[in-house]
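Spelled out, the chains give:
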Amino acid sequence: MMRKIGAFLSHNQKFVPLASTAALAFVAYGIGMVLYPGMRDPQVFLNIFRSNTSILISAVGMTFVIISGGIDLSVAGVWALTSVAAAALLRAGWNPWVVIPLMLLMGMALGAAMGSFITYLKVQPFIATLAGLWFARGMCFFISDDAIAIDNWAWRLLGQTRILIPGLAELAWWQGTNPPFITISVVVAFLVFIVAIYMAHYTRFGRTIYAIGGYNGANEQSARLMGLPVDRTKVLIYTFNGFCSALAGITLSLFVMSGHGFYAQGWELEVIAAVVIGGTMLTGGEGYVFGTLFGVLVLGITQVLIQFNGELSSWWSRIVTGGLTFIFIGIQSILLARKARRKQAKETKIPGAVLRRRMLVGGSAFVAVILVAILTANLVPGTDQPVGAERSAGCELQPYRQEQAASLKEDGAVVVYERNGGPGCIDELYAVYPDGRIIGDNGTSKAEKQVTPEEVDTLLAGISNYGWFTDEMYDTWHTPCGVCYGYYLTVVHDGQEKTVKGVDGGTDAPADYWQVISVVKGIIPAFPATAQ
Amino acid sequence: MSDKNTNDLLVSMRGMTKAFPGVQALENVDFDLRYGEIHALMGGNGAGKSTLIKILTGVERPDSGQITLAGQEVHVRSPQYAQSLGISTVYQEINLCPNLTVAENILIGREPMKFGRIDWKTLNAQAKEILLRVLEMDIEVTRTLGSYSVAIQQMVAIARALEIESAKVLILDEPTSSLSIHETEQLFTVMRRLKGKGMGIIFITHFIGQVYQISDRITVIRNGKLVGTYETASLPRMELITKMIGRSIAVLDEMSKTKVETSKHISKEKVLEAKEFGQTGEVEPFDLDLHAGEVLGLAGLMGSGRTEMVSLLFGLQTPDSGTLTIAGKKVEKFSPYNSIMHGLVLSPEDRKAAGIVDELTVRENIILALQAGLGWFKHLSTQKQYEIAEKYIQMLDIATPSADQPVKNLSGGNQQKVILARWLATNPQILILDEPTRGIDVGTKAEIQKLVLSLAEEGKACIFISSELEEVMRSSHRIAVLSDRRMVAEFGSEVDEQVIMQAMAGES
Amino acid sequence: MTRSKFSGIWKKIIQSKLFFPLLALGIILLFDLITVPGFFSFQVRNGNLYGSLIDIFRNASTVMLLAIGMTLVIATGGIDLSVGSIMAIAASVAALLMNPYVLGTDLSANTLKLMTDPHFTYQPLWVVILVTLIVAIICGLWNGLLVAYIRIQPMVATLILMIAGRGIAQLITNGVRIQIFYEPYAFIGQGWIILPFSLYLVAFMYVIAWLLTRRTAIGLFIESVGINFRSSFFSGIHEKKVKLLAYAFCGFCAGLAGLVASSNIKTSDAFNLGRDIELDAILAVVIGGTLMSGGRFSLLASLIGAVVIQAITTSMYAFGVPAFALQAIKSVVVIAVILLYSEQAQVLVRKFSAQKEAQP
């Protein structure tokens, strides 16, 4: 069978990028399942689709735009705008079944406007859609400065209904575990996906899109001369993408049950990356909607792998996205260069066997690189946490010792610091006194340290300088990851007292909070017996 | 003026006038096309024939004039509309989509549908049938167009043009530039068959021989004005050329005399020596010698490897085998920059894509290679640049209002002169000219050929490539022939045309 | 002045590259003059000049710096989307060099000292600046390598660093927003010598760029490569090296911009610094008349373009437009400006001036 696949690929070179992406997706997921038993839960796989419906829908629309040789930077802005507008309308009591079509129309209108600018006024797609992005985001804030929560029965119905997978559901019931499910959004995404494939390959509209793109605009010229309705098609492409963006915005609002202008900042790049990784060339003229599905999958699997690993900070996902985009573009460029060179050589054909071998070598080298990358990522400086530790069997957080903290304060402590959780599942409480005394208590043993009163003063002044007592410092919380800590910090200074809590691993906490925590961490004593 | 009533004509264009900013492209030109006729349209580059055709096909709108098609007045407002009227065009640059399949290219826009979706099976079958019927061509229609050679792509373009229902007028714009003799014959057979069916064909070309082979009438346009329309059978070749260039061809006769004289100036010293020089897949290893003061002509069909050979000599590719020595120094690194340093320069075949930098001025284009040779930091002062530019504008008689004119505003012939000036400014020892006279009006052609010979007189060596064999023969001291990527023969200048053509075809 | 001489000069003005950007700027400033009282007033404090107009220039300085590098890149027919991320990386490197203690967990005397002593820094300023700029150049070289040697499309190639670069910037600082206490560093973005110091940096970079492009052959080569890189290659120009230089230079400018920006807020904010600023930079270059397809460029026009964008923003604020509306309005204004450049408008202007000439 490998032979057949190899022969198929060497004959249809155009499928190579798609095949590599698909291979990558499978391989990555396979490795994940080996390394993290938690990933063997089919719900994890289904969750990739649940959390990426917006990207999938938007990427499908974007695929058409890119195949036609254009680009659309406005997509994430339209997501946000749709979410805010929908939330606002729902809050004002509009009928949800009116809101949805209205939002879709809005997206289409915006897309048509941009498409017209690009087609008739000859504005460059990059600039026109950039302006569209600004316009959309700006409009968000006309509607509302803050996030608007959605509390609508239809939205809840659409967003939270669980659709069980026949077959897997029975298996789960038999096993006694929760049946895996997907949401309506996922079904919608797949519908859009299938419609798009049909459009691309079975309608004149779709074929015209392929005819327009590529070759630096020469194709567009040719298409025009061939009598194809180029202008009309171009406007329709952007209109369709507007529809997809609006739909993606709706699914986003279903997922988070709210709308805000700040959502999805920078996500237009993720969408573009998904399309590119899916094998569509940015130069246009080539690419498959089918590949985009795998592109989205790859990005989603990356996220999952990083989550399960737990070691890598969330920004690694951006690096990996960038790296993957790089690798795929590299392949595209090489294939393009080879094609160009072969064009110059005109009739000389490389014997099929040689080509097949080259393809095999290239393909396996590529997959090997990815494997190495993933394995190395797992070996990156870790804790003593054994590879494979399950997230679900995490730390049972001990209740925060609030009364104890309060009594320490009565006692005269100026800084009370509690750290809870982490790989060792600890709960440590510290108090700093104005006379320089620092004590710590982790439930089993005590620790003590003495510093000068002046240092304590400097510490307090420094913390105050970071804006501790201003509005810049506020509470944030989310469920901590397996190896993350939760913090409680109370500071008393100059007659003011404030407690702020936070949790590792998120980007929601105010940045200076971490400055303060790290400074405090530096001053506390270590515990004698338990070495973390 | 035609002596027939307008109603009997397939196409009648009267008083066509069109101006672009700065240039009057057409001035009151009349043109007509009969039913069942092959009508050749000739004229130099920039003479106006492409504009005339663009008006007929709806790409441009005329400032004034009238078009009548089959007795009805029409306003052709777009290419789509032109097609619906029955006017099909096959352009010189293959205006198809290389990323789509052959079948799609033939039928796109008219794909057979089944239940509202494209019926691929029928599409592919239909395309195959069309190719077979119209062109007697049998190729795999499910492969992408781009995977085929230029010649095949052109045939597909023709097949598409012909398949449009109720095509009444077929316009072929330089269709034979990329075709071999055999393929050209195939095309002509098809054209004759279509003519027999009553179709009117407009045939634009600069191959005079082909015009006499296939056309019924000839229309000559010069400088935007109509020179005249003639029956091919009653117009001798010499007269045709005279009408095209507007003066006698005594000039051309003079050139053959010049050639005989300059052969005395060829030195014994080898200025270029290539031994076993080749690149797999591009050109087989060859030996080539060149002497100072000599013009070597390279003859061969399209695809025989001429351009590949000179590209290799110029360092655009790295050779797989052999050595190249220029003026006694062996060439170690292969790049255009290095070749220029050695004194070997190339004026490429594709003037537009690889020759001129169109937005830059004449002055900048001329000093470009010279500056490249000097590097980033040895900047030629603006004054020096003007000096050099003026010198060559004078020397080559480049028609431009000033040295600050963007090169894109110049005619093809003058653009070619600018490129030549660029290379001459670097004071090279060896000049390779790949199709320097392609698409240029006859007058400028003669000038360039004269220039080549005068360069030889000065002691420079030239390699001259042209698709027009008589041009090669007229301008060279020696002729090398390539066929199928191999150098097959070498002749002196007194050889018979037939012998060369046999060698080109691969027969010894 | 005779009629024909006047129209001759008029023609030259219109055809000059600076015309449209200056026109755009003029319109906006005129609008301000009419609607906002006191917009053009100046104050002098401690020998330094202050005022709304000065503010515009000062706030525009980061975009101006970026625009200088971006002009060269766009002129070669490319684009650099990663400048914002390079700014973030630069800021992170600089901040880390001045204050690496943040990464440790040891409340050494140094941390306390940092919080209180504005003249304490881990590395001397010149080391900080030098290393930062070198890192920025390396980023630019990376982009150039991808575009010129591996032949990846510029938009895609720089997209990679744009995405990954944010991650790298955050990695360097471990996600922490490093506070910068060192005063001399703050001078870069906030200092004043009669005029804001950052403007002097802009002027300095402009002079360097001008010397590099107009007093050597590099400018001609950049334009040539942007217009037609094949012809340039055939003429013996090392088009790969030219592109590499352009991207490296752009990286350098981005590094400098990163220093200015982070010095302004006295933090290195890897998550937000320079976000979306690449779009402003590209727009500045486009307003300045350089085509996105490459070719002829004008550094001065790009600088003016940057000022135009900032002028729009500042005018909106001065006019009382709330922040959230700004983005939307900016987009409309930008489209209007772009349309001004579109072929249709150019044709109209040309017809207009042709008519003027036709008058005897």
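Keep in mind it's a predicted model, so treat the numbers as computed, not measured.

## Some details on the overall build of chain B
Scanning chain B for helices and strands turns up 18 helices and 22 strands. By its C-alpha atoms, chain B is 70 × 50 × 50 Å across when sized along the principal axes. Counting the 508 residues in chain B, one finds 47% classified as buried. The contacts in chain B between residues at least 6 apart in sequence include a share of 67% that link residues at least 24 apart.

## As for the overall build of chain A
Counting its secondary structure elements, chain A contains 20 helices and 10 strands. Taking all 532 residues of chain A together, the buried fraction comes to 46%. Taking contacts inside chain A between residues at least 6 apart in sequence as the whole, the part at least 24 apart equals 73%.

## What to know about the sheet that holds strand S22 (residues 486-492) of chain B
Adjacent strands of a sheet pair through backbone hydrogen bonds, lying either parallel or antiparallel. Residue and element names in this part refer to chain B. Strand order in the open sheet formed by six strands is S18-S19-S20-S15-S21-S22, and the pairing between neighbours is mixed. Single-partner strands in this sheet number two, and they are strand S18 (344-347) and S22. Going from strand to strand, the sheet's axes swing by 20° on average, the running direction of each strand aside. Bridging between strand S15 (residues 295-299) and strand S20 (residues 461-465) involves four bridges; their strand directions are parallel. Within S20, the residue paired with Leu 296 across the bridge is Ile 463. In the packing of helix H10 (residues 306-314) onto the sheet, the strands contacted are S15, S18, strand S19 (430-434), S20 and strand S21 (478-483), and the crossing angle to S19 comes to about 150°.

## Thoughts on the interface of chain B and chain A
Taken together, the contact pairs 20 residues of chain B with 23 residues of chain A. Counting residues per element, the ones that place at least two in the side of chain B that touches chain A are helix H2 (79-85) and strand S8 (117-118) of chain B. With three residues, H2 of chain B is the single largest residue contributor to the side of chain B that touches chain A. Looking at the side of chain B that touches chain A residue by residue, the class counts come to eight nonpolar, eight polar and four charged.

## Re the domain arrangement of chain B
Per the domain assignment, the segments making up chain B are domain 1 (6-245), domain 2 (248-343 + 429-508) and domain 3 (350-427). Relative to domain 3 of chain B, the C-alpha centre of domain 1 of chain B lies at a distance of 35 Å.

## As for unusual backbone geometry
All names here are of chain B. Positive phi, close to 50°, is recorded for Ala 70, a residue that is not glycine. Here Ala 70 is to be found in the loop between strand S4 (64-69) and strand S5 (72-74). Positive phi is not limited to glycine here, since Asp 397 has a value of about 55°. Mapping Asp 397 onto the fold places it in the loop between helix H14 (382-396) and helix H15 (412-425).

## So, the packing of helix H14 (residues 267-277) of chain A against helix H7 (residues 154-173) of chain C
For any two helices packed against each other, one specifies the inter-axial angle together with the distance between the axes. One way to put it is that H14 of chain A packs onto H7 of chain C with a least axis distance of 11 Å and a crossing angle of 125°. With respect to each other, H14 of chain A and H7 of chain C are oriented oblique. Helix-helix and strand crossings are classified by hand; for H14 of chain A and H7 of chain C the assignment is left-handed. Where H14 of chain A abuts H7 of chain C, its residues Leu 269, Ala 273 and Val 276 of chain A lie against Val 156, Leu 159, Met 162 and Ile 163 of chain C. Split by residue class, the contact of H14 of chain A with H7 of chain C holds seven nonpolar, no polar and no charged.

## Focus: helix H14 (residues 299-318) of chain C
Residues and elements named next belong to chain C. For H14, built from 20 residues, the straight-helix expectation of 28 Å at 1.5 Å per residue is met to within 8% by its first-to-last C-alpha distance of 28 Å. Extensive coverage of H14 is indicated by the burial of 16 of its 20 residues. Directly after H14, the chain includes Gly 320, whose backbone phi takes a positive value near 95°.

## A look at the sheet that holds strand S12 (residues 225-231) of chain B
Residue and element names in this part refer to chain B. If you walk across this open sheet you meet the six strands as S6-S9-S10-S3-S11-S12, and the pairing is mixed. A strand with exactly one partner marks an edge of an open sheet, and here the two such strands are strand S6 (87-90) and S12. Going across the sheet, the axis of each strand differs from the next one's by a mean of 20°, ignoring polarity. Here four bridges tie strand S3 (residues 38-42) to strand S11 (residues 217-222), and the two strands are oriented parallel to one another. By the bridge assignment, Leu 41 is partnered in S11 with Thr 219. Against the sheet, helix H6 (residues 181-196) engages S3, strand S9 (169-173) and strand S10 (200-204), with an angle of about 145° to S10.

## Let's talk about the pairing of strand S9 (residues 485-493) of chain A
Residue and element names in this part refer to chain A. By the bridge criterion, seven bridges tie strand S5 (residues 415-421) to S9 in an arrangement that is antiparallel. By the bridge assignment, Tyr 417 is partnered in S9 with Leu 489. Bridging between S9 and strand S10 (residues 496-503) involves eight bridges; their strand directions are antiparallel. Bridge assignment links Gly 486 to a residue of S10, and that residue is Val 503. Taking the residues between adjacent antiparallel strands as the criterion, S9 and S10 are bridged by two residues, where Asp 494 takes a positive phi near 55°.

## Description of the environment of Trp 94 of chain A
All names here are of chain A. Mapped onto the elements of the fold, Trp 94 is located in the loop between helix H5 (75-91) and helix H6 (96-120). Sequence separation of Trp 94 and Gly 32 is 62 residues, and the distance between their C-alpha atoms is 45 Å. Here Trp 94 is in contact with Leu 89 and Val 99, once residues within four sequence places are set aside.

## Let's talk about the nonpolar core
Membership of the largest hydrophobic core comes to 374 residues, with the highest contact counts inside it found for Cys 462 of chain B together with Leu 65, Leu 66, Ala 67, Ala 90 and Cys 253 of chain C. With sequence-adjacent residues up to four places away left out, Ala 67 of chain C is seen in contact with Ala 281, Ala 284, Val 285, Ser 302, Leu 303, Gly 305 and Ala 306 of chain C. Counting residues in each nonpolar core, the second largest holds 30 residues, with Leu 408, Val 415, Val 416 and Val 520 of chain A among its members.

## Observations regarding the environment of Tyr 91 of chain B
Secondary-structure assignment places Tyr 91 of chain B in the loop between S6 and helix H3 (102-107). Residue classification places Tyr 91 of chain B among the buried positions, given that 23 C-beta atoms sit within 10 Å. Spatially, the C-alpha atoms of Tyr 91 of chain B and Leu 172 of chain B are 6.4 Å apart, while their sequence positions differ by 81 residues. Apart from residues no more than four positions distant in its own chain, Tyr 91 of chain B is found in contact with Leu 225 of chain A together with Asp 173 of chain B.

## Let's talk about the pairing of S6 of chain B
Residues and elements named next belong to chain B. Along S6, one buried face is formed by Ile 87 and Thr 89 and the opposite face, lined by Ser 88 and Val 90, is buried too. Here four bridges tie S6 to S9, and the two strands are oriented parallel to one another. In the sheet register, Ile 87 faces S9, and the bridge partner there is Val 169.

## Focus on helix H3 (residues 52-75) of chain C
Residues and elements named next belong to chain C. With 24 residues, H3 extends 32 Å from end C-alpha to end C-alpha; this agrees with the ideal 34 Å at 1.5 Å per step. The principal kink in H3, of about 50°, is found at Ser 61. The element H3 is largely enclosed, with a buried count of 19 among its 24 residues. Positive phi shows up at Gly 77, right after H3, with a value of about 90°.

## Quick word on the confidence of the model for chain B
Residues of chain B with pLDDT of at least 70 account for 90%, and the chain-wide mean is 82. Complex prediction metrics read pTM 0.74 and ipTM 0.81.

## Looking at the packing of helix H4 (residues 53-67) of chain A against helix H15 (residues 289-309) of chain A
Residue and element names in this part refer to chain A. Packing of H4 against H15 brings their axes to within 9 Å, and their N-to-C directions diverge by 145°. The hand of the H4/H15 crossing is right-handed. Residues Ile 55, Leu 56, Ala 59, Val 60 and Thr 63 of H4 touch H15, and the partners they reach there are Val 289, Thr 292, Gly 295 and Val 296. Tallied by class, residues from the contact of H4 with H15 come to six nonpolar, three polar and no charged.

## Considerations on the environment of Tyr 430 of chain A
All names here are of chain A. Position of Tyr 430 relative to the elements: it lies in strand S6 (residues 426-432). Between the C-alpha atom of Tyr 430 and that of Arg 318, which follows or precedes it by 112 residues, the distance is 36 Å. Not counting residues within four places of it along the chain, the set of residues in contact with Tyr 430 comprises Tyr 417, Ile 438, Ile 439, Gly 440 and Ile 524.

## A few points about the confidence of the model for chain A
Residues and elements named next belong to chain A. In the predicted model, chain A carries a mean pLDDT of 78, and the fraction of residues at 70 or more is 79%. Mean pLDDT values over the elements of chain A span from 55, in helix H17 (residues 352-379), up to 95, in H4. Below pLDDT 50 for its whole length, residues 344-352 participates in eight contacts with residues either more than four positions away or in separate chains. Here residues 379-394 is modelled with pLDDT under 50, and outside its nearest four sequence neighbours on either side it reaches 20 contacts, counting other chains as well.

Reading guide: rules and limits
Residues numbered from 1 in each chain as written. Chains lettered and ligands numbered in written order. Predicted model: local features only at pLDDT ≥ 70, side-chain atom pairs only at ≥ 80, totals over all residues. Helix = DSSP H or I, 4+ residues; strand = E, 2+ residues; numbered from the N terminus. Buried ≥ 20, exposed ≤ 12 C-beta atoms within 10 Å, placed from the backbone. Contact = placed C-beta atoms within 7 Å. Pairing = 2+ DSSP bridges. Axes fitted to C-alpha atoms, helices over the stretch in contact; angles between N-to-C directions. Nonpolar A, V, L, I, M, F, W, Y, C, P; charged D, E, K, R; others polar. Domains from an automatic or database assignment. Parallel < 35°, antiparallel > 145°, perpendicular 65-115°, else oblique. Left-handed = near helix turned anticlockwise from the far one by under 90°. Expected span 1.5 Å × (residues − 1). Core = buried A, V, L, I, M, F, W, Y, C linked by C-beta atoms within 7 Å. Bend = angle between axes of the 7 residues up to and from the residue. pLDDT = per-residue confidence, 0-100.

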